[in-house]
Amino acid sequence: MKFTTILAATTVLASAAVAQDVDKSDWPSSFTVGTASQGGTYFAYGSGWANLVGEELGITGGGEVTGGPMQNMALVHTGEAAFGMTTMGPAAESLAGTNPIAPGLEMTQACAMFPMYQTPFSVTALASSGIASVSDIPAGAKIGFGPAGSTSDTYFPRMMETLGVEFERRNGGWTDLGGQLQDGLLDVIAFAAGVPVPAVSQLEVQTDVNIIEFTEEEQAKLLEAFPVSDFAISADTYTTLEADARSVSMWNFAIANCDLPASFVNAAVDVVMSDNERMVGIHKAAASTLPENWTKNTVLKWHPGAAAWFKENAGADIPDDMIYGN
């Protein structure tokens, strides 16, 4: 498998204070974070924290373009990527051996690292299309669901079917799909990404769009049928929104290969979790990257280094059987 790697190449002379007194002889000299396609939140958020950790720990780190959560689980499980990003749904499927990338393989070597943010599911169409609600989407509409194997591509087609929408499925990177929507090659894009989604923000600048919320009835159907929670996209997220938009969401977590040195993972977690303002500067979605949200992981075993950080700094009561190696 070949992936486009964007490396930060940031080697600094001094390590972060958190790692000054730690034996780093078994640390890797570089690392990558599996993200997703360019134009999506995963790529912006993941490349940002990879660069930050690399700078603070004095090693080379960067984000890697991938197919998203499902592929990241596979890459981290096999050790092809040290770190990655996933959502709870794809994580559960991967542990159960139903990840479509490697059916039958239980990806138990991917461990929880830290909570990131919730991924809202949202629908965008051009204002000129006249599509202002899910029920307005015409039968046979061409809908872009993001990269193949992504959270959006895994769950949004099923959600649309649950809501009675008949469609033609299209896949691609978010930036690509945004261009196709603008060119009239797509009717709708069904986004599952942290907000604001860069591709939507870019569309807003270039044309008039409708950011479509679910009705209460539609939201209730999705909550009953899928592993999601209720969510509202804040009105100040996009210039197009005049009020909060009703949605559903799924939690995202950073993951680490379970065999990485505990001190290395502990130091990386400390860089990310100890300064939320700095993380929000990377991406607004990081407003939810808070220590208390460790409770949102009910699927993955914790990396021992990450578990130690949350126990010490967030008072986390993580059961022993949820920590890898115990």
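The following refers to the structure shown. Being a predicted model, the structure only gives us computed values, none of them experimental. (Residues numbered from 1 in each chain as written. Predicted model: local features only at pLDDT ≥ 70, side-chain atom pairs only at ≥ 80, totals over all residues. Heavy atoms only, no water.)

## What about the overall build of the chain?
Along its length, the chain carries 10 helices and 11 strands. The globule rule puts the C-alpha radius of gyration for 326 residues at 20 Å, and the 19 Å found for the chain is close to it. Along the longest, intermediate and shortest principal axes, the C-alpha atoms of the chain span 60 × 40 × 35 Å. Out of the 326 residues belonging to the chain, those deemed buried represent 55%. A fraction of 76% describes how many contacts in the chain between residues 6 or more apart in sequence connect residues 24 or more apart. Working note: accessible area of the chain is about 13000 Å², and carbon and sulfur atoms make up 47% of it. (Helix = DSSP H or I, 4+ residues; strand = E, 2+ residues; numbered from the N terminus. Rg over C-alpha atoms; globule rule 2.2 N^0.38 Å. Buried < 20%, exposed > 50% of the residue type's maximum accessible area, 1.4 Å probe, protein only. Contact = heavy atoms within 4.5 Å. Areas by Shrake-Rupley, 256 points an atom, 1.4 Å probe, with all protein chains shown as cover.)

## Some thoughts on the packing of helix α3 (residues 88-95) against helix α4 (residues 151-162)
Contact pair α3 / α4: the axes reach a minimum separation of 9 Å and the direction vectors enclose 100°. It follows that α3 is roughly perpendicular to α4 by the angle criterion. Residues G89, P90 and E93 of α3 pack against T151, T154, Y155 and R158 of α4. Its residues placed into classes, the contact of α3 with α4 shows 2 nonpolar, 3 polar and 2 charged. (Axes fitted to C-alpha atoms, helices over the stretch in contact; angles between N-to-C directions. Parallel < 35°, antiparallel > 145°, perpendicular 65-115°, else oblique. Nonpolar A, V, L, I, M, F, W, Y, C, P; charged D, E, K, R; others polar.)

## Some points on the environment of P100
Within the secondary structure layout, P100 lies in the loop between α3 and β5 (110-126). For the pair P100 and M70, spaced 30 residues apart in the sequence, the C-alpha separation amounts to 7.9 Å.

## Notes on the packing of aromatic side chains
Scanning the model with the defined rule gives 14 aromatic pairs in all. Arranged with centres 5.3 Å apart and planes meeting at 55°, the rings of W302 and F310 form a pair that is tilted. For the pair shown, W302 and F310 are each scored as buried. Pairwise contacts between aromatic rings join W27, F31, W49, F83, F114 and F264 into one cluster. Of note, K24 hangs over the ring of W27, and the distance from its end group to the ring centre comes to 5.6 Å. Seen from the ring of Y155, R158 lies directly overhead, with NZ or CZ sitting 5.0 Å from the centre. (Phe/Tyr/Trp six-rings, centres within 6.5 Å; stacked < 30°, edge-to-face > 60°. Lys NZ or Arg CZ within 6 Å of the ring centre and 35° of its normal.)

## Here's the deal with the state of the cysteines
This structure, assessed with the given rule, holds 1 disulfide. For C111, the disulfide goes to C258, at an S-S distance of 2.1 Å. Where C111 bonds to C258 through sulfur, the torsion about that S-S bond is close to 110°, and the disulfide is right-handed. Taken together, the residues C111 in strand β5 and C258 in the loop between β11 (245-257) and α8 (262-273) connect sequence positions 147 residues apart. Here C111 falls in the buried class, since its relative accessible area comes to 0%. Overall, C258 belongs to the buried group, its relative accessible area being 4%. (Disulfide = S-S within 2.5 Å.)

## Quick word on the pairing of strand β4 (residues 83-87)
A large share of β4 lies buried, amounting to 5 of its 5 residues. Both faces of β4 are covered, namely the face carrying F83, M85 and T87 and the face carrying G84 and T86. Bridge analysis of strand β2 (residues 30-34) against β4 gives 2 bridges, and the strand direction is parallel. Its bridge partner lying in β4, G34 is registered against G84. (Pairing = 2+ DSSP bridges.)

## Notes on unusual backbone geometry
Of all residues except glycine, most have a negative phi; of all peptide bonds, most are trans. The omega torsion across V195 and P196 is 0°, close enough to zero to call that bond cis. By the element assignment, P196 lies in the loop between β8 (188-192) and α6 (198-206).

## Re the environment of A102
Considering the arrangement of structural elements, one finds A102 in the loop between α3 and β5. It is 9.4 Å that separates the C-alpha atoms of A102 and Q71, two residues lying 31 residues apart in sequence.

## Brief notes about helix α1 (residues 41-57)
For the α-helix, the turn length of 3.6 residues means that residues three or four positions removed from each other point alike. Between the first and last C-alpha of α1 there are 24 Å, a value that for 17 residues agrees with the 24 Å anticipated at 1.5 Å per step. The buried fraction of α1 is high, at 13 of 17 residues. Residue G58 follows α1 closely and has a positive phi angle near 75°. (Expected span 1.5 Å × (residues − 1).)

## Focus: the environment of G173
Summarising the element assignment, G173 is placed in the loop between β7 (167-170) and α5 (174-182). Separated by 25 residues in sequence, G173 and A148 have C-alpha atoms that sit 8.9 Å apart. Apart from residues no more than four positions distant in its own chain, G173 is found in contact with S37 and P147.

## A short note on the side chain of E204
Tracing the backbone through its elements, the reader meets E204 in helix α6. Buried charge without a salt bridge: E204, with K284 as the nearest opposite-charge side chain at an N-O distance of 9.4 Å. A polar atom in the side chain of E204 sits 2.5 Å from the side chain of T240. Those residues in contact with E204, other than ones at most four positions away along the chain, are V209, I211, Y238, T239 and T240. (Lys, Arg positive; Asp, Glu negative; His and termini not counted. Salt bridge = Lys/Arg side-chain N within 4 Å of Asp/Glu carboxyl O. Polar contact = N/O pair within 3.5 Å; in protein donor to acceptor, adjacent residues only side chain to side chain.)

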